[in-house]
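For reference, the chains in residue letters:
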Amino acid sequence: MADKSAEIASRVASAYRAKTPLNIHAGGTKSFLGPEYPGGDPLDVTGHRGIIDYDPAELVLVARCGTRLESIEDELLKNRQMLGFEPPFVQDGATLGGAVAAGLAGPRRAFAGAARDFMLGAKFVNGKGEIITTGGKVIKNVAGFDLFRPMARSMGTLGVLLTVSLRLLPLPEQEKTLLHEEKEEQTALEKINHWSSRTQSISAATWDGHIIRIRLSGSAASMEHGRTLIGGEWLEDEQYWRALNNLQLDFFQQPGRLWRISVPPMSGPVHDGQPQLLDWGGAQRWLKTDQPPDIIRARATALGGHAECYSRDSTVDTFHPLSREQLVFNQKFKAALDPAGILNPGRLYREL
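Just so it is clear, the model here is predicted, and its values are computed rather than measured.

Caption draft 1: Structural view of the overall build of the chain. Of regular secondary structure, the chain possesses 10 helices and 17 strands. Taking the principal axes of its C-alpha atoms as reference, the chain extends roughly 65 × 50 × 35 Å. The 352 residues of the chain split such that 52% are buried. Summarising the internal contacts of the chain: among those between residues at least 6 apart in sequence, 69% fall at separations of at least 24. For the chain, the computed accessible surface area is about 16,000 Å², with 50% contributed by carbon and sulfur atoms. If you average the places of the 40 positive and of the 41 negative side-chain charges in the chain, the two averages end up 6 Å apart.

Caption draft 2: Seen up close, helix 10 (residues 324-337). The first and last C-alpha atoms of helix 10 sit 20 Å apart over 14 residues, in line with the 20 Å expected at 1.5 Å per residue. Of the positions making up helix 10, those classed as buried are L327, K334 and L337. Buried residues in helix 10, looked at end-on, bunch into an arc of 95°, giving them a common side. Looking at helix 10, the residues exposed on the side facing more than 90 degrees away from the buried face are R324, E325, F329, K332 and A336. The elements touched by buried residues of helix 10 are strand 6 (119-125).

Caption draft 3: Focus on helix 2 (residues 69-77). Those residues of helix 2 that fall on the buried side of the exposure criterion are L69, I72 and L76. The arc that holds every buried residue of helix 2, seen down its axis, measures 65°, which confines them to one face. Summarising the contacts, the buried residues of helix 2 are in contact with strand 3 (51-55), strand 4 (60-64), strand 5 (81-82) and helix 3 (96-102).

Caption draft 4: View of unusual backbone geometry. Residues other than glycine seldom take positive phi values, yet V90 does so here, at roughly 65°. Among the structural elements, V90 can be located in the loop between strand 5 and helix 3.

Caption draft 5: Quick look at the environment of F89. Looking at the secondary structure, you find F89 in the loop between strand 5 and helix 3. Taking C-alpha positions, F89 is 27 Å from A57, a pair spaced 32 residues apart along the chain. Apart from the residues lying within four places of it in its own chain, the contact partners of F89 are T29, K30, L69, E70, E73, A94 and N246.

Caption draft 6: Quick look at the packing of aromatic side chains. If you walk through the whole model with that rule in mind, you get eight aromatic pairs. Relative to F118, the ring of F85 has its centre 6.2 Å away and its plane inclined at 40°; by these criteria the two rings are tilted. Taken together, the residues span a long stretch of sequence, with F85 in the loop between strand 5 and helix 3 and F118 in helix 5 (residues 115-118) at a distance of 33 residues. Pair check on accessibility: F85 and F118 agree, each one buried. Arranged with centres 5.2 Å apart and planes meeting at 85°, the rings of F251 and F252 form a pair that is edge-to-face.

Scoring rules and cut-offs
Residues numbered from 1 in each chain as written. Predicted model: local features only at pLDDT ≥ 70, side-chain atom pairs only at ≥ 80, totals over all residues. Heavy atoms only, no water. Helix = DSSP H or I, 4+ residues; strand = E, 2+ residues; numbered from the N terminus. Buried < 20%, exposed > 50% of the residue type's maximum accessible area, 1.4 Å probe, protein only. Contact = heavy atoms within 4.5 Å. Areas by Shrake-Rupley, 256 points an atom, 1.4 Å probe, with all protein chains shown as cover. Lys, Arg positive; Asp, Glu negative; His and termini not counted. Charge placed at Lys NZ, Arg CZ, Asp CG, Glu CD. Expected span 1.5 Å × (residues − 1). Arc of directions from axis to C-beta. Phe/Tyr/Trp six-rings, centres within 6.5 Å; stacked < 30°, edge-to-face > 60°.

What follows is the structure in structure tokens.
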């Protein structure tokens, strides 16, 4: 256990006075997201680690943000509990702060919630070096504006996360995956949507162009009910979901840029014969293609969604461009928390 809060705050305060940009980082497992960092002094927060408070009875965890996800999961497993948003590791060394700052969530996201949905509170250092505490560690907390939620997906541009309070979920009694053959995209989406409306035991759903995979979580009775409803065969290798979550399936090794496209789940096709993998019951589409980014993003926008490029390419912005109104709002919000613009400038968008 190591509390580096005062040390981190002092570093940020000094950088604020000198107007020196800071490159905030931890495990570096999400470094492929966003543009190459243009410069600045490195601020490594991996030393700020340790679980501060864990109450299994209340399903609440408070931990420092340099704590490795692996350590947290090992501790939760002792009480058959888990992080409900199923954060991707991608590589060894992933930390809690990195998971929250990147705002990524795994296959359970569409059925349980995003990282921000499980956050109860946070402590962070703003761009002046001041320590801000917001929210709490109880599920029903009405202590003002939820300033901690914007920290999810901010990529360290709004504050240096120190601690996060999270709501947990109990591990299901059982988890099994059903395989269902289907070659038509629209039919696959209709089936998944239909099954999801008939049972609450579905915790993940994908389609790869040939096979629908439905993960069921719950009691033995709910497993059998799900199989009766959905049909199909049980998947033997339960490592599929971890491999999907960490971008390690064979699909991700195919040639072409990797795109993550978020759209309403029953949207039409986002591709033109290119390899794709539908996750989150259709709300998240993985696409491998070298088609021009403008075409990909125009299609995502037309479907009411957005597209992010997960392949490091200096010619392609990672995140979907903001509208003028969105950009102005985000610039004002960042200026309120980071008036000198020293916290990971350009890490999320070049203009922030």
